[in-house]
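Spelled out from the first residue to the last, the chains are:
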Amino acid sequence: MRTTATVLFPCSAPRLRPLTDLHIHHTRLTPQMRSVLERMARAGHAPLHTRSPQDARVAYEAGAGVLEVPKATLARVEDLHIPARDGHAMAARLYAPSTDAGLPLLLYMHGGGFTIGSIATHDILCRELARLAGCMVVSLDYRLAPEHRFPAASNDAWDALQWLASHAETLRADPARLAVGGDSAGGTLAAVNAILARDAGLPLALQLLIYPGCAAHQDTPSHATFARGLVLEEPAISWFFGNYVQSRAEREDWRFAPLHAPDVDGVAPAWIGLAECDPLVDEGVDYADKLRLAGVPVDLEIYRGVTHEFIKMGRAIPEARKAHADAARAGRHPPGADRGRDCRH
């Protein structure tokens, strides 16, 4: 594999003192994960947080598919636009493994710290989820910071979910089987959408949360343990969040930090997939606990020896392929549902 693959995550190409930071985590990481990180460090690309947001987006997209599984061919792939509350037309892409009517529909929000990422960067992942889960996936290009600061992304995600709920039959999806999902910042948006849907009386079958950001402040033990030497480092987190939220009040708003939600009673069942070697792992576990204490069915998977962004490294990281299958299984059989009934039928 070419070392140019490491452009995939320039944010995680720190100037390691001959791999010293990486060696801190050596015994925790799988051999495959160590290999990826070593190639990234040797490539020496400028970290995303040292670039302009516009340049960071270009760099992230340029290598976004290099470590992905092969691109699945699907029966339906359609570009569409979804109106936001201010009239902005949000780009979206629909994926479906068949032309059958009545498929479940998953609204998917990409990761990228509210600053980078797009439909294009998560195209292969969304195809894989649609293929494995037998569902329709709609990937959303919500607006990004710093051009569009808090709560723009949250508002866009909620507007998209409401639109899809009212247009599900037109799209030939099943309006009774709607779900939300996302990774990293997109997982935050999915968790927020689940709370908003509960408040609006919009039933959801599932919230699919892949290493979501859930906390207002980066002060958990995992943020200290994994601050350096891995894919997502503290300077990048501070840069991403600084682009989106501008005050302590915004940071502590539950639409940025779902752990601050007054209550989560009655929200959709959750599948939560976390990376063990990730600054965000503790807050993901904390959010799973918050949901469980409220009586929400939760399946929590922690993938050992891998880092943030592993879900998009299926060509190199076996745990990514396992997570794809686990997430798809949750799509077919949401936590707490009758395990004898396949949600596709």
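Scoring rules and cut-offs
Residues numbered from 1 in each chain as written. Predicted model: local features only at pLDDT ≥ 70, side-chain atom pairs only at ≥ 80, totals over all residues. Heavy atoms only, no water. Pairing = 2+ DSSP bridges. Helix = DSSP H or I, 4+ residues; strand = E, 2+ residues; numbered from the N terminus. Axes fitted to C-alpha atoms, helices over the stretch in contact; angles between N-to-C directions. Contact = heavy atoms within 4.5 Å. Buried < 20%, exposed > 50% of the residue type's maximum accessible area, 1.4 Å probe, protein only. Parallel < 35°, antiparallel > 145°, perpendicular 65-115°, else oblique. Left-handed = near helix turned anticlockwise from the far one by under 90°. Nonpolar A, V, L, I, M, F, W, Y, C, P; charged D, E, K, R; others polar. Core = buried A, V, L, I, M, F, W, Y, C linked by side-chain atoms within 4.5 Å. Phe/Tyr/Trp six-rings, centres within 6.5 Å; stacked < 30°, edge-to-face > 60°. Salt bridge = Lys/Arg side-chain N within 4 Å of Asp/Glu carboxyl O. Expected span 1.5 Å × (residues − 1).

1. With respect to the sheet that holds strand 4 (residues 136–140)
Point 1. Taken in spatial order, the eight strands line up as 1-2-4-3-5-6-7-8 in an open sheet, and their pairing is mixed. Single-partner strands in this sheet number two, and they are strand 1 (76–83) and strand 8 (298–307). Adjacent strand axes in the sheet meet at a mean angle of 20 degrees, parallel and antiparallel pairs treated alike.
Point 2. Strands strand 1, strand 2 (89–96), strand 3 (103–109), strand 4 and strand 5 (173–183) of the sheet are contacted by helix 5 (residues 152–167), whose axis makes an angle of about 115 degrees with strand 1.

2. A short note on the environment of L37
Point 1. You can see L37 is positioned in helix 2 (residues 31–43).
Point 2. Given the relative accessible area of 4%, L37 is considered buried.
Point 3. As for L37 and T307, which are separated by 270 residues in sequence, their C-alpha atoms are 9.5 Å apart.

3. Observations concerning the packing of helix 4 (residues 123–133) against helix 11 (residues 318–332)
Point 1. Contact geometry of helix 4 with helix 11 gives a least axis separation of 8 Å together with a crossing angle of 50 degrees. One way to sum up the angle between helix 4 and helix 11 is to call them oblique. Pair helix 4 / helix 11 crosses with right-handed handedness. Of the residues in helix 11, those in contact with L125, E128, L129, L132 and A133 of helix 4 are H324, A325, A327, A328 and R332.
Point 2. When its residues are assigned to classes, the contact of helix 4 with helix 11 shows seven nonpolar, one polar and two charged.

4. Things to note about the nonpolar core
Point 1. I82, L107, V137 and L291 are the most contacted members of the largest nonpolar core, which totals 117 residues.
Point 2. In terms of residue count, the dominant contributor to this core is helix 6 (residues 185–200) (nine residues).
Point 3. In this view, I82 contacts H88, A89, M90, A92, V138, L140, A160, W163 and L164; residues no more than four positions away in its chain are not counted.

5. Details of the packing of helix 5 against helix 6
Point 1. Contact geometry for helix 5 and helix 6: axes closest at 10 Å, N-to-C directions at 55 degrees. Here helix 5 lies oblique to helix 6, going by the angle between them. The crossing of helix 5 and helix 6 is right-handed. Across the interface between the two elements, A153, S154, A157, W158 and L161 from helix 5 touch L189, V192, N193, L196, A197 and A200 from helix 6.
Point 2. Of the residues in the contact of helix 5 with helix 6, the class split is nine nonpolar, two polar and no charged.

6. Looking at the packing of aromatic side chains
Point 1. As enumerated under the stated definition, the model contains nine aromatic pairs in all.
Point 2. Relative to Y244, the ring of F150 has its centre 5.7 Å away and its plane inclined at 80 degrees; by these criteria the two rings are edge-to-face. Remark: Y244 occurs in helix 8 (residues 234–244) and F150 occurs in the loop between strand 4 and helix 5; sequence separation between them is 94 residues.
Point 3. An aromatic cluster of at least three residues, connected via ring pairs, comprises F114, F150, F241, Y244 and F256.

7. So, the environment of E250
Point 1. Mapped onto the secondary structure, E250 falls in helix 9 (residues 248–251).
Point 2. Owing to a relative accessible area of 21%, E250 belongs among the partly exposed residues under this scheme.
Point 3. Filtering out sequence-adjacent residues up to four positions away, E250 remains in contact with F150, Y244, V245 and F256.

8. What about unusual backbone geometry?
Point 1. The peptide bond linking A145 to P146 adopts the cis configuration, its omega dihedral lying at 5 degrees.
Point 2. Summarising the element assignment, P146 is placed in the loop between strand 4 and helix 5.
Point 3. For S184, which is not a glycine, the phi torsion comes out positive at approximately 60 degrees.
Point 4. Here S184 lies in the loop between strand 5 and helix 6.
Point 5. One non-glycine residue with positive phi stands out, namely E309, at about 80 degrees.
Point 6. Locating E309 in the fold gives a position in the loop between strand 8 and helix 11.

9. Section: the pattern of salt bridges
Point 1. Using the criterion set out here, one finds 19 salt bridges in the structure.
Point 2. The partner of R143 in a salt bridge is D86, and the shortest N-O contact between them spans 2.9 Å. Of this pair, R143 sits in the loop between strand 4 and helix 5 while D86 sits in the loop between strand 1 and strand 2; the two residues are 57 residues apart in sequence, bridging distant segments of the chain.
Point 3. Residue classification places R143 among the buried residues on the basis of a relative accessible area of 14%.
Point 4. Exposure remark for D86: the relative accessible area of 53% places this residue in the exposed category.
Point 5. Of the charged contacts, one joins E252 and R248 as a salt bridge, the two residues approaching to 3.0 Å between their closest N and O atoms.
Point 6. Among the residues examined, E252 registers a relative accessible area of 29% and is labelled partly exposed.
Point 7. One continuous salt-bridge network, built from bridges that share partners, spans D79, R93, D123 and R127.

10. Things to note about helix 5
Point 1. With 16 residues, helix 5 ought to run about 22 Å at 1.5 Å a step, and its terminal C-alpha atoms sit 22 Å apart, in line with that.
Point 2. Most of helix 5 is tucked away: 12 of the 16 residues are buried.
Point 3. Buried within helix 5 we find A152, A153, S154, N155, D156, A157, W158, D159, A160, L161, W163 and L164.

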